[in-house]
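Structural description and commentary
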Amino acid sequence: MKEIEAMSKAEWQVMRIIWTLGEATSKEVIDILERKTDWKSATIKTLIVRLQKKNFLKADETKRPYVYKPLIDEDLAIHQSVNNLFDSLCCMRKGEAIKDLVQNSEISQSDISDIVEALSIKAKTAPEKVKCNCLEANLS
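Residues numbered from 1 in each chain as written. Predicted model: local features only at pLDDT ≥ 70, side-chain atom pairs only at ≥ 80, totals over all residues. Heavy atoms only, no water.

1. Structural notes on the packing of helix α1 (residues 9-21) against helix α3 (residues 41-53)
- For the pair α1 and α3, interaxial distance at closest approach is 10 Å and the crossing angle is 90°. By the angle between their axes, α1 is roughly perpendicular relative to α3. Contact residues: α1 offers Ala10, Glu11, Val14 and Met15, while α3 offers Leu47, Ile48, Arg50 and Leu51.
- Here the contact of α1 with α3 is composed, by residue class, of six nonpolar, no polar and two charged. (Axes fitted to C-alpha atoms, helices over the stretch in contact; angles between N-to-C directions. Helix = DSSP H or I, 4+ residues; strand = E, 2+ residues; numbered from the N terminus. Parallel < 35°, antiparallel > 145°, perpendicular 65-115°, else oblique. Contact = heavy atoms within 4.5 Å. Nonpolar A, V, L, I, M, F, W, Y, C, P; charged D, E, K, R; others polar.)

2. Topic: the sheet that holds strand β1 (residues 24-25)
- Strand order in the open sheet made by the three strands is β1-β3-β2, with antiparallel pairing throughout. Each edge of the sheet is formed by a strand with only one pairing partner; in this case those strands are β1 and β2 (57-60).
- Where β1 meets strand β3 (residues 67-70), two bridges bridge the pair, whose relative direction is antiparallel. For Ala24, the partnering residue across the bridge sits in β3 and is Tyr68.
- Strands in contact with α1 are β1, β2 and β3; relative to β3, the strand with the most contacts, it is inclined by about 95°.
- Helix-sheet contacts for α3 involve β2 and β3, and the interaxial angle to β2 is about 105°. (Pairing = 2+ DSSP bridges.)

3. Notes on the state of the cysteines
- In total, this model carries zero disulfides according to the counting rule given.
- Not part of a disulfide, Cys132 finds its nearest cysteine sulfur in Cys134, a span of 3.6 Å.
- Given the relative accessible area of 48%, Cys134 is considered partly exposed. (Disulfide = S-S within 2.5 Å. Buried < 20%, exposed > 50% of the residue type's maximum accessible area, 1.4 Å probe, protein only.)

4. A closer look at the layout of surface pockets
- Approximately 1200 Å³ is the volume attributed to the largest pocket.
- Every residue lining the largest pocket is counted, 27 residues in all, and those nearest its centre are Phe86, Lys94, Gly95, Ile98 and Leu119.
- Put simply, the parts of the chain that give the lining of the largest pocket at least two residues each are α4 (74-87), α5 (94-104) and α6 (109-123).
- The element that contributes the greatest number of residues to the lining of the largest pocket is α5, accounting for eight residues. (1 Å grid on protein atoms, 1.4 Å probe; cavity = no way out; pocket = protein on both sides within 12 Å on 5 of 7 lines; lining within 4 Å. Points joined across faces, edges and corners; volume = space filled by probe spheres on them.)

Below is the structure:
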């Protein structure tokens, strides 16, 4: 599996556009990012090349201009990125981090319902208190 931590914040922006469109030319990506950021086209092209070298993007070279397609699924990338972040947190702080995300993110009504349902299920088996894992030796 590709290590998603290797993707920079700027590269994430390029990938989000290509995931949303399904595929895109560099011109399409440049047009969108030049409206959203102060980046120059050369910077955006460099990001696209880096994503290809990291095997996150593939260019269909049978077409001109090249059409770029993602080599990693967006849901998988998000899952891996979130889990990488949460693996670096103290177990005692994860609930606080989730609460912060909920309070500071725009979330749809249906997503909120799904989260409430997941929390209701999780509550049935959750411990009263989570132990700190910061000083434990990892023996696995």
